[in-house]
Amino acid sequence: MAYSKILKRIRSEKTNYKKRKIMLMSKRDFISINVTNENAHIQVLKPEISGDKVIASAHSRFLLKDGWKGSRKNIPAVYLTGYYVGKKALSKGVSNAVIYSGTRKYTQRMAAGVKGLVDAGLQVPSSEETFPPEERINGDHLKVKNDIASIKSKIDSEVVTQ
């Protein structure tokens, strides 16, 4: 019996090649949402032969300059990060994209990021019932309150001027 080598990215559970092949065959731009222990990172990517090209990207640390208090990985923070990436992607000519989660599960925080992208105007195939309720997106359930509407207006004015 012959030994077949398992690829390193499969062993470390970083890449699901079956999902990736299906996504790449569609030849559409895709969205990667990664929520870590401290931050959220959202990217809009274009698949190419030489490697994926980043079209628009944002990290939840950008919220600090807008006066964000509290966690940068909660639902409102991920929503605003998705909103910011959606506005940046629209300004660079991207109108639609698909979600690529890789080996990660689709969580409520990822859904909040997708809702931010959809609210920014990007067309993403998704269902409204998967999104978190509006109270959670506005942060009503949190102890540390932030003004989501004012930060959204700052994002709108910032992306238009770029």
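Residues numbered from 1 in each chain as written. Predicted model: local features only at pLDDT ≥ 70, side-chain atom pairs only at ≥ 80, totals over all residues. Heavy atoms only, no water.

Under the counting rule described, the total for this entry stands at three aromatic pairs. Ring geometry for Phe30 and Tyr100: centres 5.8 Å apart, planes at 85°, overall edge-to-face. Remark: Tyr100 occurs in the loop between strand S4 (98-99) and helix H4 (108-120) and Phe30 occurs in strand S1 (residues 30-35); sequence separation between them is 70 residues. There is no split in this pair, since Phe30 and Tyr100 are both buried. Judged by centre distance (4.3 Å) and plane angle (15°), the rings of Phe62 and Tyr84 are stacked. With a gap of 22 residues between them, Phe62 in the loop between strand S3 (53-59) and helix H3 (75-91) and Tyr84 in helix H3 connect regions that are remote in the sequence. (Phe/Tyr/Trp six-rings, centres within 6.5 Å; stacked < 30°, edge-to-face > 60°. Helix = DSSP H or I, 4+ residues; strand = E, 2+ residues; numbered from the N terminus. Buried < 20%, exposed > 50% of the residue type's maximum accessible area, 1.4 Å probe, protein only.)

By the criterion of burial, strand S2 (residues 40-46) is predominantly enclosed, with five of the seven residues buried. In the sheet, S1 pairs with S2 via six bridges, with the strands oriented antiparallel. Of the residues in S2, the one forming a bridge with Ile31 is Val44. Turn length for the S1-S2 hairpin, with the two strands adjacent in sequence and antiparallel, is four residues. Here S2 pairs with S3 via six bridges, running antiparallel. Among the inter-strand pairings, Ile42 is bridged to a residue of S3, identified as Ala58. (Pairing = 2+ DSSP bridges.)

A cluster of nonpolar residues, Ile6, Leu7, Ile10 and Tyr17, forms a patch on the protein surface that exposes about 360 Å² of accessible area. Position of Leu7 relative to the elements: it lies in the segment before helix H1 (8-11). When its relative accessible area of 47% is taken as the criterion, Leu7 is described as partly exposed. (Patch = residues over 30% accessible without salt bridge, like charges linked within 9 Å, V, L, I, M, F, W, Y side chains within 5 Å. Areas by Shrake-Rupley, 256 points an atom, 1.4 Å probe, with all protein chains shown as cover. Salt bridge = Lys/Arg side-chain N within 4 Å of Asp/Glu carboxyl O.)

Where like charges cluster on the molecular surface, the positive patch consists of Lys5, Lys8, Arg9, Arg11 and Lys14. With respect to the helices and strands, the residue Arg9 is situated in helix H1. (Lys, Arg positive; Asp, Glu negative; His and termini not counted. Charge placed at Lys NZ, Arg CZ, Asp CG, Glu CD.)

A word on the environment of Tyr17. If you trace the backbone, Tyr17 turns up in helix H2 (residues 17-25). Taking relative accessible area as the criterion, Tyr17 reaches 36% and is therefore assigned partly exposed. Separated by 13 residues in sequence, Tyr17 and Ser4 have C-alpha atoms that sit 16 Å apart. Once residues lying within four places of it in the same chain are set aside, the contact partners of Tyr17 are Leu7, Arg9 and Ile10. (Contact = heavy atoms within 4.5 Å.)

Attention shifts here to the pattern of salt bridges. Applying the stated rule across the entire model yields six salt bridges. Linking Lys46 and Asp29 is a salt bridge whose minimum nitrogen-to-oxygen distance equals 3.1 Å. Highlighted residues: Lys46 in strand S2 and Asp29 in the loop between H2 and S1, separated in sequence by 17 residues. Judged by its relative accessible area of 12%, Asp29 is buried. Note that Lys65 and Glu158 form a salt bridge whose closest N and O atoms lie 2.9 Å from each other. Of the two residues, Lys65 is situated in the loop between S3 and H3 and Glu158 in helix H6 (residues 148-161); the sequence distance between them amounts to 93 residues. Under the relative-accessibility criterion, Lys65 is labelled exposed at 55%. When salt bridges with common partners are traced through the structure, they connect Lys65, Asp66 and Glu158 into a single cluster.

Remember that the coordinates give geometry; whether it matters functionally is a separate question.
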